Amino acid sequence: MTVRFTYRQLEYLVAVGDAGTIAQAAGQLNVSSPSISTAINHLEAHFGVQLFVRHHAQGLTLTPGGRRLFSEAKRMLADAAALNDIAEDVAKRPGGPLAVGALSTLAPLLSAKFRKSFEQSFPEAHVSLFTGDQTTLFQQLARAEIDVAITYDMEIPQDIHFEGLAALRPCVMLHPDHSLAQGDCVSLHEMATDPLILLDLPLSRDYFLSTFRSLGITPNIADRTNDLSVARSLVANGYGYSLLSIGTEIAYAPDGQPLAILPICEDVGHITLGLATKQITSRSAIVQAFYDHVRTQIDAHGLPATRMFS
């Protein structure tokens, strides 16, 4: 059966069933008696059931079938009220589940730290973490599999809202025994012939190669990897140097070998780290709280475990 009744009509049904008269129900709901009569007639016609027995000058009583529908209508109205309460809670109180995605290169540095501090500030929040490349994160946002993504301002789709939080310049990761590792910065022109370990991830790859192009340099690509940990290990074991979009305080590869991480001497462009969400008219309370929390943390303490090169 096609549903052709409204919750308002069910509200009128319940009010008349409780009050026993249309006039009294109309007074309680502050609507006209004809409006309620029309709603009851519509429900009876729609369901094909007589809901009330009309007693001349003595009000109405529910029929046996009417009592069953009256009870179910009461339950549906209670469920609808509970749904409104939940929606209000989601909109106004930061609590419940929050799915956070992060670029795979950023996740080890930022996501767990932000999760811990956020859950400490909002004990009713329960954060789940996901990682992926930029394309995957945007797809997850579109499918509502994650609520917010920690990412960069690279090729943001029109249906994604991005809010920048920190501007970052790329830096160079090289072996600590390299002749340029002891300076204050590293010139990419001087590194042009050295073997490059290219972090071969979607968008990241294009960003790093565009950095070389902006300086008129053709890099000597010796190895490619889509795993930042592998890139760090290759550099630490003397196979070349690599570029990072964000520096780290811990200058070691996963195998324990030391690294040197320095800013680029040349004037190169920056990327912006921030938070992305699906374009919607308003954010839930917990997503807005996460935005505000991350911004406050960065403003007060910088990015966790990172080195900011200006």
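In the block above lies the structure referred to throughout.
Right, let's walk through the structure included here.

Conventions adopted
Residues numbered from 1 in each chain as written. Predicted model: local features only at pLDDT ≥ 70, side-chain atom pairs only at ≥ 80, totals over all residues. Heavy atoms only, no water. Pairing = 2+ DSSP bridges. Helix = DSSP H or I, 4+ residues; strand = E, 2+ residues; numbered from the N terminus. Axes fitted to C-alpha atoms, helices over the stretch in contact; angles between N-to-C directions. Parallel < 35°, antiparallel > 145°, perpendicular 65-115°, else oblique. Left-handed = near helix turned anticlockwise from the far one by under 90°. Contact = heavy atoms within 4.5 Å. Core = buried A, V, L, I, M, F, W, Y, C linked by side-chain atoms within 4.5 Å. Buried < 20%, exposed > 50% of the residue type's maximum accessible area, 1.4 Å probe, protein only. Salt bridge = Lys/Arg side-chain N within 4 Å of Asp/Glu carboxyl O. Phe/Tyr/Trp six-rings, centres within 6.5 Å; stacked < 30°, edge-to-face > 60°. 1 Å grid on protein atoms, 1.4 Å probe; cavity = no way out; pocket = protein on both sides within 12 Å on 5 of 7 lines; lining within 4 Å. Points joined across faces, edges and corners; volume = space filled by probe spheres on them. Nonpolar A, V, L, I, M, F, W, Y, C, P; charged D, E, K, R; others polar. Arc of directions from axis to C-beta. Polar contact = N/O pair within 3.5 Å; in protein donor to acceptor, adjacent residues only side chain to side chain.

It is worth spelling out the sheet that holds strand β12 (residues 260–263) at this point. Strand pairing in a sheet relies on backbone hydrogen bonds. The paired strands run either parallel or antiparallel. As summarised here, the arrangement of the 3 strands in space is β10-β7-β12, forming an open sheet in which the pairing is antiparallel. Two strands bound the open sheet, and with one partner strand each, they are β10 (242–244) and β12. Adjacent strand axes in the sheet meet at a mean angle of 35°, parallel and antiparallel pairs treated alike. Relative to β10, strand β7 (residues 171–174) runs antiparallel, the two being bridged by 3 bridges.

An order of β4-β3-β5-β13-β6 is seen for the 5 strands of this open sheet, with the pairing classed as mixed. Each having just a single partner strand, β4 (125–132) and β6 (160–168) make up the two edges of the open sheet. The average angle at which neighbouring strand axes cross in this sheet is 20°, direction not considered.

What follows covers the packing of helix α1 (residues 7–19) against helix α2 (residues 22–29). Think of two packed helices as two axes; the pair is described by the angle between the axes and how far apart they sit. Between α1 and α2, the least distance of the axes is 8 Å, while the angle of their chain directions is 120°. If you check the angle between α1 and α2, you find them oblique. Every pair of crossing elements has a handedness; the one defined by α1 and α2 is right-handed. Contacts between α1 and α2 involve Glu 11, Tyr 12, Ala 15, Val 16 and Ala 19 from the first element and Ile 22, Gln 24, Ala 25, Gln 28 and Leu 29 from the second.

This part is about the nonpolar core. One finds Tyr 152 and Phe 290 to be the most contacted residues of the largest nonpolar core, which totals 65 residues. Every residue in contact with Phe 290, bar those within four places of it in the chain, is listed here: Leu 98, Val 100, Phe 114, Phe 118, Val 148 and Leu 275. Ranked by size, the runner-up nonpolar core spans 20 residues in total, among them Leu 10, Leu 13, Leu 51 and Leu 60.

Counted by the stated rule, this structure contains 11 salt bridges. A salt bridge links Asp 18 to Lys 74, with the nearest nitrogen and oxygen atoms 3.3 Å apart. Of this pair, Asp 18 sits in helix α1 while Lys 74 is found in helix α4 (residues 64–92), placing the two residues 56 residues apart along the sequence. Taking relative accessible area as the criterion, Lys 74 reaches 39% and is therefore assigned partly exposed. Here Arg 224 makes a salt bridge to Asp 200, at a shortest N to O gap of 3.6 Å.

What follows deals with the packing of aromatic side chains. Taken as a whole, this structure holds 3 aromatic pairs when the rule is applied. Ring centres of Phe 118 and Phe 122 lie 4.9 Å apart, and the angle between their planes is 40°; on these two criteria the pair is classed as tilted. Given the relative accessible area of 0%, Phe 118 is considered buried. Under the relative-accessibility criterion, Phe 122 is labelled partly exposed at 23%. Centroid distance Tyr 207 to Phe 208: 5.5 Å. Interplanar angle 45°. Geometry classified as tilted. Counting every residue linked through ring pairs, the aromatic cluster contains Phe 118, Phe 122 and Phe 290.

Let's shift gears to the layout of surface pockets. Taken as a whole, the largest pocket holds about 360 Å³ of empty space. As for the largest pocket, its lining consists of 20 residues, of which Thr 105, Pro 108, Leu 109, Leu 228 and Arg 232 are closest to the centre. Those elements giving two or more residues to the lining of the largest pocket turn out to be α5 (107–121) and α8 (228–236). When residues in the lining of the largest pocket are grouped by element, the largest group, 3 residues, is from α8. Approximately 160 Å³ is the volume attributed to the second largest pocket. What lines the second largest pocket is simply Leu 141, Ala 144, Ile 146, Asp 147, Thr 277, Lys 278, Ile 280, Arg 283, Ser 284 and Val 287. Here the lining of the second largest pocket is built from residues that sort into 5 nonpolar, 2 polar and 3 charged.

With that settled, the discussion passes to helix α6 (residues 134–142). Taken together, the buried positions of α6 are occupied by Gln 134, Leu 137, Phe 138, Gln 140 and Leu 141. One side of α6 holds all its buried residues, which, seen down the axis, span an arc of 160°. Here the buried face of α6 lies against β3 (96–103), β4, β5 (148–152), β6 and β13 (271–278). N-capping of α6 is provided by Asp 133, with a side-chain oxygen placed 3.2 Å from the backbone N of Thr 135.

A positive phi angle, near 60°, is found at Ala 144, a position not held by glycine. Tracing the backbone shows Ala 144 in the loop between α6 and β5. Take Ala 144: its relative accessible area is 61%, and that puts it in the exposed class. Even without glycine at this site, Glu 155 takes up a positive phi of about 50°. Among the structural elements, Glu 155 can be located in the loop between β5 and β6. Overall, the relative accessible area of 61% leaves Glu 155 in the exposed class.

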